[in-house]
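Each chain is listed here by its residues.
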Amino acid sequence: MSKLGNYVNGHWIEGQGEGVPLFDSVTGEIIGHASTEGLNFEEILHYGRTKGGEKLRKMTFQERGNMIKKLALYLTKKKEQFYEISYRTGATRIDSWIDIEGGFGNLFANASLRKLFPNQPYDVEGDPIDLSRGGRFMAHHILVPKPGVAVHINAFNFPIWGMLEKCAVNWMAGMPAIVKPATSTSYLTEAVVKEIIASGILPEGALQLICGSANDMLNYVESQDVVTFTGSADTGRKLKSHPKIISESVPFNMEADSLNCSILGEDAKPGTPEFDLFVNQVRSEMTVKCGQKCTAIRRIIVPESLVEDVQIALGKALDKVTIGDPRLKEVRMGSLVSTDQVDEVKMRTREIAKTAAIVYGDYDKITTVGADASKGAFISPMVLREDNPFKNTLVHETEAFGPVATIMPYKNIEEAVDLAKMGKGSLVSSIVTNSDTIAKDYVVNAASHHGRILVLNRENAKQSTGHGSPLPLLVHGGPGRAGGGEEMGGVRGIKHYMQRCAVQGSPTTLTEITGIYQPNSAYKEAQQHPFQYYWDDIEPGMSLKTHKRTVTDTDIINFANLTWDHFYAHTDITSLKGSIFEKRTAHGYFILAAAAGLFVWPNKGPVAANYGLEECRFLRPIYHNDTMYVRLTCKQKIERDHVGEQMPSGIVKWFVEVFDSNDELTAVATILTMVQKRSPFQEINTSNINQYLAKLTVNHQANWGTMTPQHMVEHMEMQFRYATGEIQDYEIATPEEHLPKYRETIFNHRSFPKEHKHPLMKQGQNEDLQHADLEMAKQKLIESIQAYENYFKENPEARTKNVVFGLMDKFEWDLLNTKHFNHHFKQFGIL
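Just so it is clear, the model here is predicted, and its values are computed rather than measured.

Undergrad: Would you mind going over the overall build of the protein in detail, with residue names and values included?
TA: Secondary structure assignment for the protein yields 23 helices and 32 strands. By principal-axis analysis of the C-alpha atoms, the protein measures approximately 90 × 90 × 55 Å. Put simply, 75% of the contacts in the protein that link residues at least 6 apart link residues at least 24 apart. Accessible surface, the protein as shown: approximately 36900 Å² in total, 50% of it carbon and sulfur. Averaging the positions of the 89 positive and the 100 negative side-chain charges in the protein gives two centres separated by 2 Å.

Structure, rendered in structure tokens:
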């Protein structure tokens, strides 16, 4: 029988001894063993901090995010193999979808957060804080990656999602991870980690895997590490009180199973959409993953007049749930993860049943489809009813981690809130009501005891992600019994793995540290207009002082007539008495527009577009006949993904300061521009082509491929003959629906792949040569380039056919030709 591998210290290693047996939850068969005996956990932790951590910490947020996105795309292509393994955990296709594709979705969601962080390895938080009246001493908060390792101790119910929802966050923060999945389902986690390691996408050491007991691992954690735990509250409390966790003050995040509740609003009577939504939601939360969800509904809180209706409707809904082999399409509920878990659920249910009555289901009677109930870890859904929930508190203290829930009554919304709170903290609660008043009363009064609250009604039902679905951009965690921790939560989650530090100093110093221009910092006078620089060449603090402009009465009146803004301060000087204005005042937005007129560079250049206005303050008025000038300063640069048929660009935030003739600051604003990035490709055109071709001789050997120098030159010539339309007797090879995606690659800054096969060239062999020798081929290439330039000079609107990219104009051909020349000139080492 095979033994699972542990991926540690850069290698796959099996633990010593026989190990713990792992079972197929459906058939009861042993499918492998897991062991961590003989592993040196001190070395493993050190390896993660150094080998993996050093590389991750140096990466920018954009690099980390793109790495995670690439991993998500890679794993998505492999997903079907994980479904086959997941069935062995007792999960149906839908159950597995939550675990597998939900886990990959966490990678995608966290990767997208890179756009909210600066293009550097650390973050800058909040606004600058002035600590002096003169503005020469200030502070700002930064967050840097912790130089430790994240240790994740996960539960058995989500072997993939449980790993990736945490790792996506610590990787974004620049921290490596050691994952210790629950042993019983670690074989599924191992399968995913094998693919992750094989992909080579993560830096070595960013992920290590422990399949089996954690043994003495916590003895070696340090203050810069972070430990997270998902599982039972009892186990979590034991780990949280570990001597090393306490002595080193190691951040410990606990997400414990909790007695989540759902409330049926008093307005949601039988026959309303909300009543049906409530029943369907409870059935789903009881049976998805066989109720083995930390967010599943355990307590069903309904108006006392509707208890019977809910009980009957829920019973009918559960009657439709087929139980059995999760591979079968007709099966709606699989098995628990193990027979041990079956015994645990039955024991906990009997505990609740000491005061509550079982109104649906049976401990031992179960009908299965395609599976032997006596061999697998199957159990019937069970509904209990507790008529005295304020007196009998076992239902608020005992959790059966399976398809088990208890109905209980309430008299009014205040009682519903009190019952919800008796669970002493949960991950999630929900209320199903079409009354916004009821929803507000419940949410405001119950929020202190829940990490998340879903308000479900007929309006949002089709789009709702449901009671039990934690989302990457929302906080997952809860107070009290739920562990008191937080996971995910978008940017918040990433900050859990970073150290916040307040930095004090002068504005100029803090500009250099944060990468964001701070007010009153020293300017870096630009050598040319800032709008003439590419995004790559702009840096925070780069500044321009404009010439001056005098604002006249005519300017103000014309602006009022143009915009229809006839506010009295601009148009009726007889009404100024008692106001804050002394004379006719220029519109604030005129000042902003006039400022743009002073600082905008009129000629075409790297600035592609105005991207928006982030903040604007008018500090003092500018009156008619006042003179103004502007100081334009780069505040911050923000990375931007390449989008569609646009030139690659980034966003630049510009700090705009408007001064009057007395150098008094009258207005400030932050504007954003989209600025093109500098192309990494050498420009090759009619003026320099001969210089490159002169380097090419018949003795040059290709760095890849089978072309000779002459084959390459003749191939380049053919490209220009296609471009001028001289040769068009071929069909476009790319399907029309894929053309937009292919055309995007013309505009990006990625090089052509080395072994790319052109559709019009012979496959597996070189083309027949057309010219007598290399020198003749060079001459013909130059002639074809001249013909190309002349053709588009005479036909500027022409679009000619390309076999891969479809119809293209001159601008698009120029982009393609630049890439094409760079590709082949590098192939022969002449560039």
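So that's the structure; there's more coming.
Undergrad: I'd like to hear about the layout of surface pockets, residue by residue, with values.
TA: Reported here for the largest pocket is a volume of approximately 1600 Å³. Around the largest pocket, the lining is made up of 50 residues, and of these T745, R750, S751, F752 and P753 lie nearest the centre. Of all the elements in the fold, those that place two or more residues in the lining of the largest pocket are α2 (61–77), α20 (709–723), α21 (739–747) and α23 (810–827). The greatest single-element share of the lining of the largest pocket, amounting to six residues, is contributed by α23.

Undergrad: Could you give an account of the nonpolar core, with specific residues and numbers?
TA: Grouped together as the largest cluster of nonpolar side chains are 56 residues, with contacts concentrated most on I300 and Y442. Once you skip the residues sitting within four places of it in the chain, Y442 turns out to touch C261, I263, I413, A416, V417, A420, S429, I431, A447, H450 and I453. Among the nonpolar cores identified, the runner-up in size contains 51 residues, and M67, L71, M172 and V193 belong to it.

Undergrad: Could you give an account of the sheet that holds strand β20 (residues 453–456), with specific residues and numbers?
TA: Pairing is mixed across the open sheet formed by seven strands, whose spatial order is β15-β17-β18-β13-β12-β19-β20. Two strands bound the open sheet, and with one partner strand each, they are β15 (357–360) and β20. Adjacent strand axes in the sheet meet at a mean angle of 25°, parallel and antiparallel pairs treated alike. Summarising the sheet, strand β19 (residues 429–432) and β20 pair through four bridges and their orientation is parallel. Opposite S430, over in β20, you have L454 as the bridge partner.

Undergrad: Report on a positive patch on the surface, specifying residues and quantitative values.
TA: Taken together, the side chains of K69, K115, K741 and R750 make up a positively charged region of the molecular surface. Secondary-structure assignment places K115 in the loop between α4 (93–112) and β5 (123–130).

Rules behind the numbers
Residues numbered from 1 in each chain as written. Predicted model: local features only at pLDDT ≥ 70, side-chain atom pairs only at ≥ 80, totals over all residues. Heavy atoms only, no water. Helix = DSSP H or I, 4+ residues; strand = E, 2+ residues; numbered from the N terminus. Contact = heavy atoms within 4.5 Å. Areas by Shrake-Rupley, 256 points an atom, 1.4 Å probe, with all protein chains shown as cover. Lys, Arg positive; Asp, Glu negative; His and termini not counted. Charge placed at Lys NZ, Arg CZ, Asp CG, Glu CD. 1 Å grid on protein atoms, 1.4 Å probe; cavity = no way out; pocket = protein on both sides within 12 Å on 5 of 7 lines; lining within 4 Å. Points joined across faces, edges and corners; volume = space filled by probe spheres on them. Core = buried A, V, L, I, M, F, W, Y, C linked by side-chain atoms within 4.5 Å. Buried < 20%, exposed > 50% of the residue type's maximum accessible area, 1.4 Å probe, protein only. Pairing = 2+ DSSP bridges. Axes fitted to C-alpha atoms, helices over the stretch in contact; angles between N-to-C directions. Patch = residues over 30% accessible without salt bridge, like charges linked within 9 Å, V, L, I, M, F, W, Y side chains within 5 Å. Salt bridge = Lys/Arg side-chain N within 4 Å of Asp/Glu carboxyl O.

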